[in-house]
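Residues per chain are reported as follows:
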Amino acid sequence: ADHDVRSGRRGAIAFVIGDFGYVGGGNDGANFLKDFYKFDPSADKGKQWTKVADLPIVLANAVAFTINGKAYVGTGETTISNGTSFTNQFFKYDPEANKWEAIPDAPFAAKRKGAFVFSVGNVAYIGGGVSNNDYPKDFYKFDGSKWTQLADLSRKDGTYDYDMSRSNAAAFVIGNSGFLVGGLKGTATSSVVKYNISGDFWTSDNTALGGGARQDAVGYAIQSTGYVATGLNGTTRFDDNWSFVPVY
């Protein structure tokens, strides 16, 4: 059955290419979805949404990012013959051709959902998530053609001692650093952690989110300020919006 993007869904997938937003996939409470839509904010009301090509598979709780005008979607949760399963599959979307194509699966140690991603320049940094009640520690970067494994999210090697693994965290970029806010590891957290690209390590010197612990929040940045909005902690759902300026 066809689904309208304006109908309710959770775990949807979103990205931006040029002046257009794209939203699709997710779960409507009964089914995993693969329909996708383009949003044109400059179009007349009632004509802003246009259906585009479906994802090759039904998919929810995936990561999405863009590199050089193409979108990449992968990991997450999908339907298989005997139920549901996590996946490491990735797909590339070409907006000019309005076409999806499968690319090699991510080389992650475990299939997962609820991973995080942030992009600096034309490189995406991907990790975290949850897999069979475990929180994977492997962390990668991807430049549109090549996957490169980075230092694990959990380290105790004499120089570093930290564990940044988590699922469903909000992510954004300020300058040349990625930030994760909140997320889930057994319980929700309010911590703010920073990825230092040049040294391939994480720090947790910034203060925690003032609005309290949460997962499934939305993260974005405008210039040198990060923002985190909504999310939930257990059965408590939030409608607040917080700004963040790093001190380290």
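The preceding data block contains the structure.
Scope of this entry: the structure provided in the associated data block.

So, how was this worked out
Residues numbered from 1 in each chain as written. Predicted model: local features only at pLDDT ≥ 70, side-chain atom pairs only at ≥ 80, totals over all residues. Heavy atoms only, no water. Helix = DSSP H or I, 4+ residues; strand = E, 2+ residues; numbered from the N terminus. Salt bridge = Lys/Arg side-chain N within 4 Å of Asp/Glu carboxyl O. Pairing = 2+ DSSP bridges. Buried < 20%, exposed > 50% of the residue type's maximum accessible area, 1.4 Å probe, protein only. Axes fitted to C-alpha atoms, helices over the stretch in contact; angles between N-to-C directions.

Before going further, it helps to examine the environment of Gly 186. For Gly 186, the position within the fold is in the loop between strand S19 (184–185) and strand S20 (187–188). With 52 residues separating them in the primary sequence, Gly 186 and Asp 134 have C-alpha atoms 9.3 Å apart.

Moving on, we get to the pattern of salt bridges. Taken as a whole and assessed by the stated rule, the structure comprises 8 salt bridges. In this structure, Asp 157 engages Arg 155 in a salt bridge whose closest nitrogen and oxygen atoms are separated by 3.0 Å.

Note that strand S2 (residues 20–24) and strand S3 (residues 36–39) share 4 bridges and pair antiparallel. By the bridge assignment, Gly 24 is partnered in S3 with Phe 36. Direction of pairing for S3 relative to strand S4 (residues 49–52): antiparallel, over a ladder of 4 bridges. Looking across to S4, one finds that Phe 36 is bridged to Val 52.

Next up on the list: the environment of Thr 207. Examined against the element boundaries, Thr 207 turns out to sit in the loop between strand S22 (201–203) and strand S23 (218–222). Taking the relative accessible area as the measure of exposure, Thr 207 reaches 61% and is therefore exposed. C-alpha of Thr 207 to C-alpha of Val 192: the two residues are 15 residues apart in sequence and 6.6 Å apart in space.

Moving on to the sheet that holds strand S5 (residues 63–67). Pairing within the open sheet is antiparallel, and its 4 strands lie in the order S5-S6-S9-S10. With one partner strand each, in any of the chains shown, S5 and strand S10 (99–103) form the two edges of the open sheet. Neighbour-to-neighbour, the strand axes of this sheet turn through a mean angle of 25 degrees, independent of strand direction. Bridging between S5 and strand S6 (residues 70–74) involves 5 bridges; their strand directions are antiparallel. Each residue of the ladder has a partner; that of Val 63, found in S6, is Gly 74.

Distances and angles like these do not, on their own, reveal function.
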